[in-house]
Amino acid sequence: MVEQTQKSHISLDHEKMHAPPEGFFERSTSKPNLADFATYQKMYDQSIQDPATFFGEQAKQTLDWIRPFDQPRFPADKKDDFKNGDLPAWFVGGQINAAYNCVDRWAAKDPNKVAIIYEGDEPDSGRKITYGELLKDVCKLAQALTKLGVKKGDSVAVYLPMIPEAVVTLLAIVRIGAMHSVVFAGFSSTSLKDRILDADSRIVITADESKRGGKTIETKKIVDDALKDCPDVRNVIVFKRTGNSHVPFSPGRDLWWHDELAKYGNYFPPTPVDSEDPMFLLYTSGSTGKPKGVQHNTAGYLLGALLTTKYTFDVHEDDVLFTAGDIGWITGHTYCVYGPLLNGATSVVFEGTPAYPNFSRYWEIVDKYKVNQFYVAPTALRLLKRAGHKYVEPYDLSSLRVLGSVGEPIAAEVWHWYSENVGRNKAHVVDTYWQTESGSHLLCPLAGVTPTKPGSASLPFFGIEPKILDPTTGEELKGNDVEGVLAIKSAWPSITRGIFGDYNRYIDTYLRPYADHYFSGDGAARDLDGFYWILGRVDDVVNVSGHRLSTAEVEAALIEHDLVGESAVVGYADDLTGQAIAAYVSLKKHKLPADADLEAIKKELILTVRKEIGPFAAPKTVLFVDDLPKTRSGKIMRRILRKVLAGEEDSLGDISTLSNPQAVSQIIDVVKTSR
Ligand code: WT7
């Protein structure tokens, strides 16, 4: 059972419910995907009572099958879901191809329809890629990969910036039935190496260099560093993003993207895969130091991505969707690549940052391409809100119908700022709660239909059966106005099928903590109206700018430094990044020179974390202490460390049972002087 760790800063005020913006559907040229709230309720009830029929019909109508499935769900009855670690299988007997559904069927309909709008890091650098062009590139790369020996079920590592070639890469890999394993390009060479080894990837696809916020990143060099310890990697395909001639290149192993693609013709047939064949791995942080390779299987994932994009965002074929999240995270996978393309829409792929060359960048893109759905993490909105209204005001944002929020709680004042200044009170703000493991939205308003309350992710998507459980007893807290941990009672099509190579860890993490439920790792409340409020992680996971990090992972990085004896990492509230990382460190006294420069050591420690994990994981605060508070069995009491940082040293509870209660007073002093 988990320790209930932090209460959120969101107040559970029963703020008034906002109806969807008036005239929402009239502002679209297409007919609504969902007529009204009553239709949602009716469909939701059916999806829970009879998920086999509900999702079976949806899968038949919305996806193209190479071989139709025999059974939508096995077992059809959900009563045994999650018992003894069991998951149902979806769309049994069916054969399908992900790339075909994303590209071929739309290219056949209209090859000149724009699939991707690429907006480069520098304003006005970029281009449009049609479905017809996308199909050609995907087919060419699929042939190159086949020629290099990639087969169905193999994993291919992807370490690319936000460029259209990243989309081409993902689709080429799934076209031949292989799995992609995308590693966020902000990760260090060490993290990349760990993921390549864990997924046993033999091919890596990357770029010579990357551009972000006006800076150049030596992408290929990072890959080369990682590959020093990956003897099984046969080839690296390198896309020329900058064309810098100094980029390291090992002939034989390394191949230029343009040379490879030039060898092949325009068409290559998609490989049929079984519904439950794996489609991709995506590593995420859990409560231990070792990242988990979250595995998603083909048909269920595709259906989840397709339906949530269609209903949460009310996306139609004519729409332009701009998901400002990186392809290195699940948001990019589901809502920048698969969701929009599965719906035949146009997806904006943006390489840059919201602040370069100035804080208007997003709005300029929305205006220029007449974006209909915009999707971003609150951390960016906090930054832009702080920058000021003058950066938003000059732009014509009237094309926006839906404004999505993802990755962390959105505070009410940020929600209102988003709705008023960006949406100009005409767009529907949808706060979407989900996870890498869920594949697609779990709790979310449906655009144009679900009333919203700022700060609440509102109500469950089709097929999602949320429960609030007592954290200690695991008992279900029925009715409204309850608070506990969030669990899900039965399986949905896009739920992860496991942690790659470690099914037991999957069971232990998600299915064992609360019998017969999937455990989300989050605390949550259901208010008087039955709306859900996410209260933050209850495990040792920290959310920095919407990036998920395990405290154990940062601790494991710190210990790599020679002088570190022991460390404990905790999250604390930060105005801009949501949470920031604080590292309490005790140094090895015997190794420390008498005239040691502690400020310099702090910098070295931060550098160590940047090098071991990546810049985004760097602690904001490093606190040197003699000793960390521990229980008699030696467990570090992170709760105490968190409370001291939050200035709640008056409510530490009984510390007399610690093995070293005297450690606490020094910690309080150190934190006070650091302020
Ligand atoms: C964790 C999942 C979901 C894609 C991006 C992050 C937190 C996610 C919300 C939200 C409050 C949220 C949860 C969740 N989270 N969305 N709308 N409101 N919290 O995916 O890296 O797998 O992280 O992000 O704590 O468990 P992820």
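Residues numbered from 1 in each chain as written. Predicted model: local features only at pLDDT ≥ 70, side-chain atom pairs only at ≥ 80, totals over all residues. Heavy atoms only, no water.

Comments concerning the UniProt feature "domain: Acetyl-coenzyme A synthetase N-terminal" (unreviewed entry) in the protein chain
To keep things clear, this is the line we draw: UniProt positions are given in the numbering used here, feature names are shortened, and annotations may be inferred rather than shown by experiment. Strands here are runs of E lasting at least two residues and helices are runs of H or I lasting at least four, both read from the DSSP assignment and numbered beginning at the N terminus.
In this structure's numbering, the residues bearing the UniProt feature "domain: Acetyl-coenzyme A synthetase N-terminal" (unreviewed entry) are residues 40-102. Within residues 40-102, the helical portion is 43% and the strand portion 16%, while the C-alpha atoms at the span's ends are 26 Å from each other.

Some words on the sheet that holds strand β24 (residues 518-526)
What counts here: Paired strands are those between which DSSP finds at least two bridges. Only C-alpha atoms enter the line fits that serve as axes; for helices the fit covers just the stretch in contact. Angles between N-to-C directions range over 0 to 180 degrees.
Spatially, 4 strands are ordered β21-β22-β24-β25 in an open sheet, and the strand pairing comes out antiparallel. The two strands at the open ends of the sheet, each matched to only one other strand, are β21 (466-469) and β25 (532-537). Pairwise comparison of adjacent strand axes, ignoring direction, gives a mean angle of 45 degrees for this sheet. When β24 meets β25, the two strands line up antiparallel, connected through 5 bridges. The partner of A524 across the bridge, within β25, is I534.

Let's talk about the pairing of strand β19 (residues 402-406)
Keep this limit in mind: Throughout, exposure labels follow a simple rule: accessible area from a 1.4 Å probe, protein chains only, divided by the maximum for the residue type, with under 20% read as buried, over 50% as exposed, and the rest as partly exposed. A clockwise path from the first strand over the helix to the second, with the strands pointing away from the viewer, defines a right-handed crossover.
Most of β19 is tucked away, with 5 of its 5 residues classed as buried. Side-chain alternation along β19 places V402, G404 and V406 on one buried face and L403 and S405 on a second face that is also buried. A crossover connection joins strand β18 (residues 373-376) to the parallel β19 through helix α12 (residues 378-387); in handedness this β-α-β unit is right-handed. Pairing analysis gives 5 bridges linking β19 to strand β20 (residues 428-432), with the strands arranged parallel. Directly across from V406, in β20, lies its bridge partner T432. Crossover handedness for the path β19 to helix α13 (residues 412-422) to β20: right-handed.

Here's the deal with the side chain of N97
The test is simple: By the criterion applied in these results, polar contacts are pairs of N or O atoms within 3.5 Å in which, for protein atoms, one can donate a hydrogen and the other can accept it, and in which residues neighboring in sequence qualify only through two side-chain atoms. By definition in these notes, contact holds between two residues if any of their heavy atoms fall within 4.5 Å.
Among the structural elements, N97 can be located in the loop between β3 (95-96) and α3 (98-109). Only 2.9 Å separates the side chain of N97 from the backbone oxygen of T271, close enough to count as a polar contact. Setting aside its immediate chain neighbours within four residues, N97 contacts I66, V174, R175, P270 and T271.

Focus on the pattern of salt bridges
As a reminder of what qualifies: A pair is scored as a salt bridge if a Lys or Arg side-chain nitrogen falls within 4 Å of a carboxyl oxygen belonging to Asp or Glu.
Counted under the stated rule, the structure contains 43 salt bridges. For D104, the salt bridge goes to R175, with nearest N and O atoms at 2.8 Å. Highlighted residues: D104 in helix α3 and R175 in helix α5 (residues 164-175), separated in sequence by 71 residues. Take D104 and R175: they sit in the same class, and that class is buried. One salt bridge in this structure joins K602 and E599, with 3.5 Å as the shortest N-O distance.

Notes on the UniProt feature "domain: AMP-dependent synthetase/ligase" (unreviewed entry) in the protein chain
Taken from the UniProt record, the annotation "domain: AMP-dependent synthetase/ligase" (unreviewed entry) applies to residues 104-498. In the segment residues 104-498, helix accounts for 30% and strand for 23%; the C-alpha atoms at its two ends are 29 Å apart.

Let's talk about the environment of Y532
Position of Y532 relative to the elements: it lies in strand β25. Filtering out sequence-adjacent residues up to four positions away, Y532 remains in contact with L443, S456, A457, S458, P460, P466, I468, A525 and R526. At 3.0 Å, the side chain of Y532 and the side chain of R526 are in polar contact.

Things to note about the site of the ligand
The test is simple: By convention in this text, a residue qualifies as near a molecule or strand provided that one of its non-hydrogen atoms is within 4 Å of it. Only the protein chains shown count as cover for residues, and all accessible areas are computed by the Shrake-Rupley method using a 1.4 Å probe.
Around the ligand, a shell composed of 17 residues is seen, among which D431, T432, T436, D522 and R548 lie nearest. Separating a nitrogen atom of the ligand from a backbone N or O atom of G407 is a distance of 3.1 Å. D431 is positioned such that a nitrogen or oxygen atom in its side chain is 2.8 Å from a nitrogen atom of the ligand. Compared with its free state, where it exposes 550 Å², the ligand has 95% of that area covered by protein. If you list the elements that add at least two residues to the shell around the ligand, you get α10 (330-342), β20 and β25.

Some words on helix α9 (residues 298-312)
For clarity, the threshold we go by: Any helix carries an expected span of 1.5 Å times its number of residues minus one.
Along its 15 residues, α9 runs 21 Å from first to last C-alpha, staying within 8% of the 21 Å computed at 1.5 Å per residue. Most of α9 sits out of view: 15 of its 15 residues are buried.

Regarding the packing of α3 against α5
Quick note on the threshold: Note that the term roughly parallel is reserved for angles under 35 degrees, roughly antiparallel for angles over 145, roughly perpendicular for angles of 65 to 115, and oblique for everything else. A crossing counts as left-handed when the near helix is turned anticlockwise from the far one by less than a right angle, and as right-handed when that turn is clockwise.
The N-to-C vectors of α3 and α5 enclose an angle of 125 degrees; their axes lie 7 Å apart at closest approach. Here α5 runs oblique to α3, going by the angle between their axes. Read as a crossing pair, α3 and α5 show a hand that is left-handed. Residues A98, A99, Y100, C102, V103 and D104 of α3 pack against L171, V174 and R175 of α5.

Section: the side chain of T284
Assignment of secondary structure puts T284 in strand β14 (residues 278-284). Polar contacts involving the side chain of T284 include one to the side chain of R548, which spans 3.4 Å.

A few points about the packing of aromatic side chains
Put simply, the test is: Any Phe, Tyr or Trp ring, taking Trp's six-membered ring, that has another such ring centre within 6.5 Å forms a pair; planes under 30 degrees apart are called stacked, those over 60 apart edge-to-face, and the others tilted. Lysine and arginine charges are scored as sitting over a ring when NZ or CZ, respectively, is within 6 Å of the ring centre and within 35 degrees of the ring normal.
Applying the stated criterion to the full structure yields 40 aromatic pairs. Between F54 and F462, the ring centres sit 5.4 Å apart and the planes meet at 55 degrees, which makes this aromatic pair tilted. Taken together, the residues span a long stretch of sequence, with F54 in helix α2 (residues 51-62) and F462 in the loop between β20 and β21 at a distance of 408 residues. What makes F54 buried here is its relative accessible area of 4%. When its relative accessible area of 2% is taken as the criterion, F462 is described as buried. Ring geometry for F280 and Y301: centres 4.8 Å apart, planes at 85 degrees, overall edge-to-face. One end of the pair, F280, is in strand β14; the other, Y301, is in helix α9, with 21 residues separating them in the sequence. Here the aromatic cluster, defined as three or more aromatic residues joined through ring pairs, consists of F37, Y40, Y44, F54, F55, W65, F69, W90, F91, Y311, F461 and F462. In this arrangement the basic side chain of K240 is found over the ring face of W256, its NZ or CZ atom lying 4.6 Å from the centre.

With respect to the nonpolar core
Formally: To qualify as a nonpolar core, a set must consist of buried Ala, Val, Leu, Ile, Met, Phe, Trp, Tyr and Cys residues joined through side-chain atoms within 4.5 Å.
Counting 123 residues, the largest nonpolar core has L134, L141, L145, L171, Y338 and F462 as its most contacted members. No other element matches helix α4 (residues 131-147), which puts 9 residues into this core. Filtering out sequence-adjacent residues up to four positions away, L141 remains in contact with V168, T169, A172, I205, I237, W257 and L261. Within the second largest apolar cluster, 38 residues are counted, among which are V236, I581, I601 and I613.

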